[in-house]
Amino acid sequence: MTVYLLCFILLLVGLYGIITKRDLIKIILSLGIMGYAANLMLILFGYKSGAIYPILEKGVTPEIMVDHLPQALVLTSIVIELGITAMLVALAVRLFEKYKTFDITKIRRLLG
Amino acid sequence: MPVETWLIFVISFMILGSIVALELKDILSSIIAIGIVGLGVSVSFLFLQAPDLAIVQFLFEIFALIILVRAFIKKDYHQEEPSRVNKILVGVTIITLIAVFLLSVNIFKSLPAFGKPLMETSEYYLANGAKDTGSANLVTSIILDYRAYDTLGEVTVLFTAILGALTILRIKSRSKDSVEEQL
């Protein structure tokens, strides 16, 4: 319960950054924070106390393993997040080349 | 110490790191402070018994840092003085987010407690994963067998994102001079 709330605070910190910051780099970093919080939250939901990692070995039965379905799906999510970050960085670099600033209040003419 | 205590410590550290990253003026320090958050997530994955994820998160963090530093290290960076409207926006945002947090406490109470997951689909995968797919690592059995189409979609998304980033970086802006004149 406390862990869930702390993780939710991390998500809200990212949301705060997206809403209030005027700097494109800070907004990209805030999106990253929100992604970390969401991934961590999903893994927290799948943890079973006293359980071990889901790899079969000698003397290990499936009953004492953590929930591995969120782990597989979050693995996908992390990789996609890297692609999103790369694309956002490319967009920010292009905007900087055109407008010479990262301040979103000064980037007004968003033509092609 | 139990796992939950360690997790509370690590996640508090990550919250601190993210606030520092958002409030610092210097952009290089800010990017490095984001590294704290990402590596904290990696350590949390280790505590939560997800070694595959910890490795992938670690690699993701290093690549993200390299991309961000490479892209932004040479840019001139001018931080504006915060205006009055911005301060009002910050105040309203903080109050709203605190309200959202307080309202969400009840929702988190209604979830299953930490350490007692609802394993309904996973029980089948855990019991039959090795028999169905022949993989000792059950995470791999889901990624590459039960949900292989999901992985195919992931690879497609990644490919499209990289293609988009390359395309964005290669386009010559047509009206570069005219925009600069208007500014």
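Criteria and cut-off values
- Residues numbered from 1 in each chain as written.
- Chains lettered and ligands numbered in written order.
- Predicted model: local features only at pLDDT ≥ 70, side-chain atom pairs only at ≥ 80, totals over all residues.
- Heavy atoms only, no water.
- Helix = DSSP H or I, 4+ residues; strand = E, 2+ residues; numbered from the N terminus.
- Rg over C-alpha atoms; globule rule 2.2 N^0.38 Å.
- Buried < 20%, exposed > 50% of the residue type's maximum accessible area, 1.4 Å probe, protein only.
- Contact = heavy atoms within 4.5 Å.
- Areas by Shrake-Rupley, 256 points an atom, 1.4 Å probe, with all protein chains shown as cover.
- Lys, Arg positive; Asp, Glu negative; His and termini not counted.
- Charge placed at Lys NZ, Arg CZ, Asp CG, Glu CD.
- Buried area = accessible area lost by both parts, 1.4 Å probe.
- Salt bridge = Lys/Arg side-chain N within 4 Å of Asp/Glu carboxyl O.
- Polar contact = N/O pair within 3.5 Å; in protein donor to acceptor, adjacent residues only side chain to side chain.
- Nonpolar A, V, L, I, M, F, W, Y, C, P; charged D, E, K, R; others polar.
- Core = buried A, V, L, I, M, F, W, Y, C linked by side-chain atoms within 4.5 Å.
- Phe/Tyr/Trp six-rings, centres within 6.5 Å; stacked < 30°, edge-to-face > 60°.

*Asks:* Help me out: how do you make sense of the overall build of chain A in this one?
*Replies:* Within chain A one finds three helices and zero strands. Computed over C-alpha atoms, the radius of gyration of chain A comes to 19 Å, more than 25% over the 13 Å expected from 2.2 N^0.38 for 112 residues, which places it beyond the range of a compact globule. When its C-alpha atoms are laid out on the principal axes, chain A stretches across 65 × 30 × 15 Å. Counting across all 112 residues of chain A, residues that qualify as buried make up 58%. Partitioning the intrachain contacts of chain A with sequence separation of at least 6 by distance along the chain shows that 49% fall at a separation of at least 24. Per element, the accessible surface of chain A, about 4,400 Å² overall, is 71% carbon and sulfur. Across chain A, 11 positive and 7 negative side-chain charges occur, with their mean positions spaced 16 Å apart.

*Asks:* Sorry, what's going on with the interface of chain B and chain A here?
*Replies:* Accessible area lost upon the coming together of the parts serves often as the stated size of an interface. The partner chain A presents 79 residues to the 99 residues of chain B that form the contact. Both sides of the chain B and chain A interface together cover about 8,400 Å² of buried area, and 77% of this is carbon and sulfur. Across the pair K21 of chain A and E23 of chain B runs a salt bridge, and its minimum N-O distance is 3.4 Å. In this structure, the connection of chain B to chain A is made through 13 residue pairs in polar contact (both at pLDDT 80 or more). Residue composition of the side of chain B that touches chain A, grouped by class: 62 nonpolar, 20 polar and 17 charged.

*Asks:* Help me understand the nonpolar core, please; the structure alone is not making it clear to me.
*Replies:* The tendency in soluble globular proteins is for nonpolar side chains to be buried side by side. In terms of nonpolar packing, the biggest core is built from 68 residues, with L40 and L44 of chain A together with F45, L48, L53 and F72 of chain B touching the most fellow members. Going through the elements one at a time, α1 (2-20), α2 (24-45) and α3 (69-99) of chain A together with α1 (3-23), α2 (27-47), α3 (51-72), α4 (84-110) and α6 (138-146) of chain B are the ones with two or more residues in this core. With eleven residues, α2 of chain A is the single largest residue contributor to this core. When residues no more than four places from it in sequence are discounted, the contact partners of L44 of chain A are V3, Y4 and C7 of chain A together with L7, L48 and F114 of chain B.

*Asks:* Where do I start with the packing of aromatic side chains in this structure?
*Replies:* Two numbers describe a pair of aromatic rings. These are the distance of the centres and the angle of the planes. Throughout the structure, instances matching the rule amount to eleven aromatic pairs over all chains. On the numbers, 6.2 Å between centres and 40° between planes, the contact of Y4 of chain A with F108 of chain B is tilted. In this pair, Y4 of chain A sits in helix α1 while F108 of chain B sits in helix α4, so the two residues belong to two different chains. Judged by centre distance (5.3 Å) and plane angle (90°), the ring pair of F102 of chain A and F72 of chain B falls under edge-to-face. Residue F102 of chain A is located in the segment after α3, and its partner F72 of chain B is located in helix α3; the two belong to separate chains. For F102 of chain A, a relative accessible area of 5% corresponds to the buried category. Clustering of aromatic rings is evident, with ring pairs tying together Y4, F8, F45 and Y47 of chain A together with F108 and F114 of chain B.

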